[in-house]
Amino acid sequence: AMAVTSFCEAIPANSEYAEAYGFRAAANYALADPTAAVADYSTAVYMSPDYELAYFSSCALFYEIGELASAMDDFEQTIALQPNYVQAHDYLGLTHAAMTDHEAALVSYETALSLDAEYAPAYMHRGASLLQMKAYDAAIAPLSSAIALDKKYTEAYINLGAAYYHLGTFPAALNNLN
């Protein structure tokens, strides 16, 4: 609450400082006020149309609160501003997956991985989409890659265990789930 109060006091001193709105948006979201966060991100983007972090934060927020069409629009704008933004491509994939378009999600994850071959979340999300598509064999490689890059990636272990389970490889499934 103190952070929001401080930003509220600072903004009138320089109302055209887009980053202040971005920071206040993040603070509002942390305080479970997504409506205020969306309003502040929108103001930040309006004031500084090339502020890709505000676009990305806005679309991530839209994704988290389930406003997938708005998330999709902002992810595409973020990528237009910064084509090499790995996390934006990954989140765009998550948004496609949430809309059950796993083929498009896979394209986004592949783009993220082409930009950063060591970005474990894109491997994990790729594997999760392949699981949803019932491509259990194909899911093993990206999930294993996610684990190789991040030994504590619990979600990747769970998904890898699920892939092995669906393939009937129960000892491997138990190994990953334990």
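Reading the values: the criteria
- Residues numbered from 1 in each chain as written.
- Predicted model: local features only at pLDDT ≥ 70, side-chain atom pairs only at ≥ 80, totals over all residues.
- Heavy atoms only, no water.
- Helix = DSSP H or I, 4+ residues; strand = E, 2+ residues; numbered from the N terminus.
- Buried < 20%, exposed > 50% of the residue type's maximum accessible area, 1.4 Å probe, protein only.
- Contact = heavy atoms within 4.5 Å.
- Areas by Shrake-Rupley, 256 points an atom, 1.4 Å probe, with all protein chains shown as cover.
- Lys, Arg positive; Asp, Glu negative; His and termini not counted.
- Charge placed at Lys NZ, Arg CZ, Asp CG, Glu CD.
- Phe/Tyr/Trp six-rings, centres within 6.5 Å; stacked < 30°, edge-to-face > 60°.
- Salt bridge = Lys/Arg side-chain N within 4 Å of Asp/Glu carboxyl O.

### Some points on the overall build of the protein chain
Thinking step 1. Secondary structure summary: the protein chain contains 11 helices and zero strands in total.
Thinking step 2. The helix and strand sequence of the protein chain, counted from the amino end, reads α-α-α-α-α-α-α-α-α-α-α.
Thinking step 3. Oriented by its inertia axes, the alpha-carbon framework of the protein chain measures out at about 65 × 30 × 25 Å.
Thinking step 4. Within the protein chain, the fraction of its 178 residues that count as buried is 44%.
Thinking step 5. Put simply, 42% of the contacts in the protein chain that link residues at least 6 apart link residues at least 24 apart.
Thinking step 6. Accessible area for the protein chain stands at about 9200 Å²; split by element, carbon and sulfur atoms hold 55% of it.
Thinking step 7. Distance between charge centroids for the protein chain: 13 Å, based on 5 positive and 21 negative side chains.

### As for the side chain of S108
Thinking step 1. Among the structural elements, S108 can be located in helix α7 (residues 102-115).
Thinking step 2. Those residues in contact with S108 that lie beyond four places of it in its chain are H89, L92, G93 and H96.

### Focus: the packing of aromatic side chains
Thinking step 1. Using the criterion set out here, one finds five aromatic pairs in the structure.
Thinking step 2. Between F56 and Y85 the ring centres are 4.9 Å apart and the planes differ by 25°, which places this aromatic pair in the stacked class. Highlighted residues: F56 in helix α4 (residues 52-64) and Y85 in the loop between α5 (68-81) and α6 (86-98), separated in sequence by 29 residues. The residues F56 and Y85 share a single accessibility class, namely buried.
Thinking step 3. Residues Y63 and Y91 carry aromatic rings whose centres are separated by 5.6 Å and whose planes lie at 85° to one another, so their mutual orientation is edge-to-face.

### Description of the pattern of salt bridges
Thinking step 1. Per the counting criterion, the structure on display carries two salt bridges.
Thinking step 2. The closest approach of N and O atoms between D40 and R24, which form a salt bridge, is 2.7 Å. With D40 in helix α3 (residues 34-47) and R24 in helix α2 (residues 18-30), this pair connects stretches of sequence that are 16 residues apart.
Thinking step 3. Judged by its relative accessible area of 5%, D40 falls in the buried class.
Thinking step 4. The salt bridge involving E110 is made with R126; its shortest N-O contact spans 2.9 Å. Placement of the pair is E110 in helix α7 and R126 in helix α8 (residues 120-132), with a sequence separation of 16 residues.

Interpretation in functional terms is not warranted from these geometric data alone.
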